Amino acid sequence: MLYTKLGNSDLKVSRICLGGMGFGNSRTGQHTWTVNKNDTLLIVRKALDAGINFFDTAIAYQKGTGEEYLGDALKQSVARDRVVIATKFLPRSAEDIQNEISGQQHIERQLTKSLEHLKTDYVDLYIYHMWDYHTPMHDILEGLDLQIKKGRIRYIGIANCFAWQLAEINALARAEGFSEFVSVQNHYNLIFREEEREMSGLCREKNIAVTPYSPLASGRLSRLPDTVTRRMQEDSYAHLKYDAAAQEDAKIILRLKETADQYEASMTQTALAWLLTKADAPVVGASRASQIDDMQKACDLKLDPLDIHYLEELYRPHPLVGVMAQNTVSSDESTLVWMQNRAR
């Protein structure tokens, strides 16, 4: 396993981060394809044996049971100081706003629940899961900084944001003496490369770690286009993200298969090897312990620059989908929140 320093932090993490979105109670009604506690334990132990020390989850995954399953597995398998645990908090709900729960109070409540689920006193990386237009940036930053000072958070990251948002909030953090975000977790893979327009350049310039999610496009980069799995049938969010450009993406996937065969590697290994040339630590999920092998082998697979160009050549711009497509507000509301942020 390869390791790297996570951006401007002191965290030494494996180049592969094991994602926990696939862990949790499948009867919660959120996803039907998640794995149970026993399988989570087997996957986590295989990951640890492979040298993976970086684990990602979120309070939103399967209504908190994703955090619980990961927390149980790590507690049974490894000393706390041997792993780097990341989890995420959601924006304030409409009910929170109506009840005048501040951003700081909201963060403290979400973090307390996550720590209980994960059975730990602190998280190494606490991630702002998606942009909250209804809460001033200053309130978010001050709330996170307070928890850092209490020792409940070591570093902070952000997810599902635009480059201008990350630049703006880190600039405010510097101006106010708050902790800055050291990592960004956005949607990025061989068939969805919109991050390269602005975010990639910003992260290189500011040494912000890139830890993309969906590195295998919900399985689409692991098999030929005409292959359908249970998750592909049941994962409605993945359909939303990838169906619109499926015909164009299929041409890239065929090139991926061709390149993988050339290297005598799997498509998964080759897709991850490509992404490892762009990102610090992709967040890769697993539903079986055997899938860890591909993650480990991807770190040893070095692609020729000509093959990288061949894989990238057919890419065409994709529309924003999923969470990022929702990361907008009306001009009046946006202006109001921007003025509130500037007024602080």
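For every chain, the first residue of its written sequence is number 1, and the numbers climb from 1 along that sequence. The predicted nature of this model means local features are confined to residues of pLDDT at least 70 and side-chain atom pairs, given and counted, to a pLDDT of 80 or more, with totals for whole chains, interfaces and linings taken over all residues. Computation of side-chain values: all heavy atoms of the structure, hydrogens and water removed.

### Observations concerning the packing of aromatic side chains
Only the six-membered ring of Trp is used, alongside the rings of Phe and Tyr, when aromatic pairs are assigned; centres must lie within 6.5 Å, and planes under 30 degrees apart are stacked while those over 60 apart are edge-to-face, with the rest tilted. Under the defined criterion, the tally for this structure stands at six aromatic pairs. On the basis of an interplanar angle of 5 degrees and a centroid distance of 5.3 Å, the ring pair of Phe89 and Tyr128 is categorised as stacked. In this pair, Phe89 is assigned in strand S5 (residues 84-89) and Tyr128 in strand S6 (residues 123-128), connecting sequence segments 39 residues apart. Both residues of the pair, Phe89 and Tyr128, belong to the buried class. Aromatic side chains Tyr188 and Trp274 sit 5.9 Å apart centroid to centroid with 75 degrees between the ring planes, which places their arrangement in the edge-to-face category. Here Tyr188 is found in the loop between strand S8 (181-185) and helix H7 (199-206), whereas its partner Trp274 is found in helix H11 (residues 267-275), with 86 residues between them in sequence. The same class applies to Tyr188 and to Trp274, which are both buried. By the ring-pair criterion, three or more aromatic residues cluster together here, those being Phe89, Tyr126, Tyr128, Trp131, Trp164 and Phe181. Comment: the charge-over-ring label is applied if NZ (Lys) or CZ (Arg) is within 6 Å of the ring centre and within 35 degrees of the ring normal. Lys12 extends its terminal NZ or CZ atom over the ring of Tyr3, reaching a point 5.5 Å from the ring centre. Over the ring of Tyr122 we find Arg80, and its NZ or CZ is 4.0 Å from the ring centre. Strands are runs of DSSP state E lasting at least two residues, helices are runs of H or I lasting at least four, and both sets are numbered from the N terminus onward. Only protein chains enter the accessibility calculation, which uses a 1.4 Å probe; a residue is then buried when its area is under 20% of its type maximum, exposed when over 50%, and partly exposed in between.

### Examining helix H10 (residues 246-262)
A helix is expected to span 1.5 Å for every residue after the first. Taking 1.5 Å of rise per residue, 17 residues should cover 24 Å, and H10 covers 24 Å from first to last C-alpha, within 8% of that figure. Two residues or fewer past H10, Glu264 is found with a positive phi of approximately 55 degrees.

### Quick word on the environment of Pro319
Turning to its location among the elements, Pro319 is positioned in the loop between helix H13 (305-312) and helix H14 (322-325). Taking relative accessible area as the criterion, Pro319 reaches 52% and is therefore assigned exposed. When the C-alpha positions of Pro319 and Lys241 are compared, they lie 9.3 Å apart, and in sequence the two are 78 residues distant.

### Let's talk about the pattern of salt bridges
In the sections that follow, a salt bridge refers to a side-chain nitrogen of Lys or Arg positioned within 4 Å of a carboxyl oxygen of Asp or Glu. Summed over the entire model, instances satisfying the criterion amount to 15 salt bridges. A salt bridge links Asp293 to Lys46, with the shortest nitrogen-to-oxygen separation between them at 3.2 Å. In this pair, Asp293 sits in helix H12 (residues 292-298) while Lys46 sits in helix H1 (residues 37-49), placing the two residues 247 residues apart along the sequence. A relative accessible area of 29% means that Asp293 is categorised as partly exposed. As a salt-bridge pair, Arg80 and Asp124 come within 2.9 Å of each other at their nearest N and O atoms. Within this pair, whereas Arg80 is found in the loop between helix H2 (65-77) and S5, its partner Asp124 is found in strand S6, the two being separated by 44 residues in sequence. You can call Asp124 buried: its relative accessible area is 1%. Residues joined by salt bridges that share partners form a network here, namely Arg193, Glu196, Lys278 and Glu312.

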